[in-house]
Amino acid sequence: MNRINKLFQNKHERILSVYFTAGYPKLDDTVPVIQELVKNGVDLIEIGMPFSDPVADGPVIQGSSLVALQNGMSVHKLFDQLKDIRQSVDIPLILMGYINPVIQFGVDAFCQKCREVGIDGLIIPDLPLAVYEEEYKAIFEVNNLHNIFLITPQTSDDRLRRIDEASSGFIYMVSSNSTTGAKEGVTDFQNVYFERISKFGLKNPRLIGFGISSAETFRNACNYAHGAIIGSAFVKALGTDLPLNEKVSQFVKTIATEV
Amino acid sequence: MDYQVNKKGYYGEFGGAYIPEMMVPNIEELENRYMEIIQSYDFKQEFVSLLKNYAGRPSPLYFAKRLSEKYQSNIFLKREDLNHTGSHKINNTIGQILVAKKLGKTRIIAETGAGQHGLATATVCALMGLKCIVYMGAVDVERQAPNVKKMRMLGAEVISAVSGNQTLKDATNEAMRDWINNPIDTFYIIGSVVGPHPYPDMVARFQSVISEEMRWQLDEQVGRENPDRIIACVGGGSNAAGAFYHYLDQEGVELIGVEAAGKGIDTSETAATITLGTPGVLHSSRSFLMQTDDGQIIEPYSISAGLDYPGIGPLHAHLFKTGRAKYLWATDAEVLDAALELTQLEGIIPALESAHALAVLPKIKLSPEEITVINISGRGDKDMETYLKHFGY
Ligand SMILES: Cc1ncc(COP(=O)(O)O)c(C=O)c1O
């Protein structure tokens, strides 16, 4: 069974998913960051594949992507780094990135590599639903990879149903109309949207992401979904000068004391 | 051969709409409504009237006598440089702002390289009383300073994009991020035949007025609608798309696009996307790109701020792939020579971008009976500093 499904089967609330950019802050930090996150009890990890033109990302992830690329990060390098990851890590791992590097690697080859190293799902914001269904779905499924779709406050009911139908792992609820990390705090508008979605009767579990940066925003998101995703706030913490293990443990503690 | 976009938004294998979910509602709305809007009687009336009475169309088709003598052939210049705001960009911004109004949008965003599209957008926003925000790479803000000042005087806010190479690609990234963050009241006026479907088709339709006029102007002046050849520069490819549009099915008309080779196609400082690029996805459409093996976009370079874009509109990728159009290139040095040549033979100072189209004249075979039309996409006012620096006047 795919590790994502297993996670949602065993845990129904306060699921903490953390995003970071591979190859940041140092090229070889990818695996240590994953291991430290696991040690501190996170439930799921999204490994960002840096891209030169991340249009859906705010300044923090733009910055980490640039540094990672300057460090020499690439898709090939990432698969190299993750080669033995399943010897030490059993939580679900997802790769997140833009479509062009995947196309250049070769979609088939990319998905096979994901399977080989033990990746459970993919989040590719600029891979549209229709193109996924026509050209990618079969390849993803053969390699036991879940494609994770985003929804936003603007997503229509009709499209929500279609996305729910096409999803198999969980649905990524973008918390507001924004690029990653852009908005601080929680607004009433957001809670109305969270409420609408939680009552919509989706068959897939949901995680809320974008702008989740503190214990308070995490707790609020968990009131409406199975858990939440933290990206920019963690990447910001990775950019500080502490030793890696301290950066990670301090950060996870501030978010979710009782994970 | 079919050179029009298909129902799914592709030209052959190129195009599409590789957009994040956050952009879906706006792009779907536009896709569902643009044809109905631009084919409506009201829209057509207003569009044609503004092109004529505001932008100054039709733009002249001018027989360049001394240039023709020099190249021993017949060369006509399509004078988009004489449009209001100094380039072909106004054709598109008038069209798109009318679409934006029909969609009830009140805030306009745009990206710009040379500043010509930003200027044309700021202009129509002033005309319509809409708020205007223009993203421009920090490097371009420097090298196209006169246009920045004009945009500000027109009431636009010019935001300097400091990511990446700080040129056109980065300005486009910032504009897309703005639209993601402001999906309700905002319309993105894209400046070329790039971006997600339906933009490439919509922009090509607005620019197609260039070749529509060429047909009757040629008929009037030489008794036939078709020239033997049309030459236009390509950045994203909108002036070329407009100059080619009504001739796409006339296979006897040779179509030539000219890319910016910068310091040369064997250097890393170049923007010759079709010559050097490979297929991939940038700014939501599949086309040729300058990229690494890892799929990272390579920062382009050209002396002209309007051509240093690492992609190209999907229509051009398709025209190249099918062999319908040829794509040549010109280096910075060739372009400067060509600009000076036109200036001193015809008394017309072209934009650096447009000078790329002129710069291939010495490289192609022209015969005395043939008719060649060169699209002069813009005027050189914005480039005076660069020209003066190189020519030392
Ligand atoms: C005068 C002029 N010509 C050409 C271009 C290139 O754009 P396109 O290839 O879309 O015509 C620009 C862009 O800024 C321009 O200002």
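Presented here is an overview of the structure given in this document. (Residues numbered from 1 in each chain as written. Chains lettered and ligands numbered in written order. Predicted model: local features only at pLDDT ≥ 70, side-chain atom pairs only at ≥ 80, totals over all residues.)

Quick notes on the overall build of chain A
What counts is decided by this rule: Where helices and strands are cited, they refer to DSSP runs of H or I of at least four residues and of E of at least two residues respectively, numbered from the N terminus. The atom set for the radius of gyration is the C-alpha atoms, and the globule formula is 2.2 Å times the number of residues raised to the power 0.38. Exposure is read from a count of other C-beta atoms within 10 Å of each residue's own; the residue is exposed at 12 or fewer, buried at 20 or more and partly exposed in between. C-beta atoms are placed from the backbone. By the convention adopted here, residues are in contact when the distance between their C-beta atoms, placed from the backbone, does not exceed 7 Å.
Broken down by element type, chain A carries 12 helices and nine strands. Relative to a compact globule of 259 residues, whose C-alpha radius of gyration would be 18 Å, chain A shows 17 Å and is just as compact. For chain A, the C-alpha atoms occupy an extent of roughly 45 × 40 × 35 Å along the three principal directions. A total of 259 residues make up chain A; the buried ones form 51% of that total. Of the contacts formed within chain A by residues at least 6 apart in sequence, a portion of 77% connects residues at least 24 apart.

Details of the sheet that holds strand 8 (residues 206–209) of chain A
All names here are of chain A. Basically, it comes down to this: What makes two strands pair is DSSP finding at least two bridges between them.
An order of 5-4-3-2-1-9-8-7-6 is seen for the nine strands of this open sheet, with the pairing classed as parallel. Bordering the open sheet on either side are strand 5 (146–147) and strand 6 (150–151), each of which pairs with just one other strand. Here strand 1 (residues 15–21) runs beside strand 2 (residues 44–48); their pairing, made up of five bridges, is parallel. Along strand 2, the bridge assignment pairs V18 with I45.

Re the site of the ligand
Residues and elements named next belong to chain B. Quick reminder of the rule: As a rule, any residue with its backbone-derived C-beta atom within 6 Å of a molecule or strand is reported as near that molecule or strand. Classes in brief: Ala, Val, Leu, Ile, Met, Phe, Trp, Tyr, Cys and Pro nonpolar; Asp, Glu, Lys and Arg charged; the others, Gly included, polar.
As a matter of local geometry, the ligand sits amid 21 residues, with Q116, G235, S238, G306 and G378 nearest to it. Those elements that provide at least two residues to the shell around the ligand are helix 5 (116–128), helix 11 (238–244) and helix 15 (352–359). If you tally residues by element for the shell around the ligand, the top one is helix 11, at three residues. Residue composition of the shell around the ligand, by class: six nonpolar, 14 polar and one charged.

Concerning the packing of helix 5 of chain B against helix 7 (residues 145–153) of chain B
Residue and element names in this part refer to chain B. The cut-off we apply is this: Axes here refer to lines fitted to C-alpha atoms; in helices the fit is confined to the stretch in contact. Angles between the N-to-C directions go from 0 to 180 degrees. Orientation labels follow simple angle bins: below 35 degrees gives roughly parallel, above 145 gives roughly antiparallel, 65 to 115 gives roughly perpendicular, and whatever is left gives oblique. Here is the rule for handedness: rotate from the far helix to the near one, and if that takes an anticlockwise turn smaller than a right angle the crossing is left-handed, while a clockwise turn gives right-handed.
Put simply, helix 5 and helix 7 touch, their axes get as near as 9 Å, and they point 15° apart. Considering the angle they form, helix 5 stands roughly parallel to helix 7. Handedness of the crossing formed by helix 5 with helix 7: left-handed. Of the residues in helix 7, those touching helix 5 at Q116, G118, L119 and A122 are N147, K150 and M151. Classifying every residue of the contact of helix 5 with helix 7 by side-chain character gives three nonpolar, three polar and one charged.

A word on the nonpolar core
In a soluble, globular protein the nonpolar side chains are often hidden away together inside. Selection criterion: A set of buried residues qualifies as a nonpolar core if it consists of Ala, Val, Leu, Ile, Met, Phe, Trp, Tyr and Cys joined through C-beta atoms within 7 Å.
In this structure, A:I94, A:Y172, A:I208, A:A228, B:V134, B:F244 and B:V258 are the most contacted members of the largest nonpolar core, which totals 201 residues. Setting aside residues no more than four positions away along its own chain, A:I94 makes contact with A:L44, A:E46, A:I47, A:I119, A:D120, A:G121, A:L122, A:I123 and A:I148.

As for the sheet that holds strand 8 (residues 186–188) of chain B
Residues and elements named next belong to chain B. Across the sheet, four strands lie side by side as 7-6-5-8; this open sheet has parallel pairing. What marks the edges here is a single partner per strand, and that holds for strand 7 (157–161) and strand 8. The mean inter-strand angle of the sheet, taken between neighbouring strand axes irrespective of direction, is 25°. Direction of pairing for strand 5 (residues 107–112) relative to strand 6 (residues 131–137): parallel, over a ladder of six bridges. When the sheet's bridge partners are listed, T112 is paired in strand 6 with M136. Sheet contacts for helix 8 (residues 168–181): strand 5, strand 6, strand 7 and strand 8; angle to strand 5, the most-contacted strand, approximately 160°.

Some words on the pairing of strand 8 of chain A
All names here are of chain A. To keep things clear, this is the line we draw: Convention used here: a crossover is right-handed provided that the path from the first strand, over the helix, to the second strand proceeds clockwise when the strands point away from the viewer.
What you see with strand 8 is no split at all: R206 and I208 on one side and L207 and G209 on the other are buried throughout. Bridge analysis of strand 7 (residues 171–174) against strand 8 gives four bridges, and the strand direction is parallel. Across the sheet, V174 pairs through a bridge with G209, a residue of strand 8. Bridging between strand 8 and strand 9 (residues 227–230) involves two bridges; their strand directions are parallel. The residue bridging L207 from the neighbouring strand is G227, located in strand 9. Handedness of the crossover joining strand 8 and strand 9 through helix 10 (residues 215–224): right-handed.

Digging into the interface of chain A and chain B
It is common to give the size of an interface as the accessible area that goes away when the parts come together. Across the contact, 30 residues belong to chain A and 26 residues belong to chain B. Elements represented by at least two residues in the side of chain A that touches chain B include exactly helix 3 (59–71), helix 5 (99–105) and strand 6 of chain A. Among the elements that line the side of chain A that touches chain B, the one with the most residues is helix 5 of chain A, at five residues. Classifying every residue of the side of chain A that touches chain B by side-chain character gives 17 nonpolar, 11 polar and two charged.

A few points about unusual backbone geometry
Cis rather than trans, the peptide bond between A:Y24 and A:P25 has omega equal to -5°. Its location among the elements puts A:P25 in the loop between strand 1 and helix 2 (30–39). Omega for the bond connecting B:H197 with B:P198 falls within 30 degrees of zero, at 10°, which places this linkage in the cis form. Among the secondary structure elements, B:P198 is positioned in the loop between strand 8 and helix 9 (199–207). A positive phi angle, near 55°, is found at A:R14, a position not held by glycine. Within the secondary structure, A:R14 is located in the loop between helix 1 (3–10) and strand 1. At B:S284, a position not held by glycine, the phi torsion is positive, near 75°. Relative to the elements of secondary structure, B:S284 occurs in the loop between strand 11 (278–282) and strand 12 (285–289).

Re the environment of B:N6
Of note, B:N6 is situated in the segment before strand 1 (10–11). Taking the C-alpha atoms as reference points, B:N6 and B:G16, 10 residues apart in sequence, are found 9.6 Å from one another.

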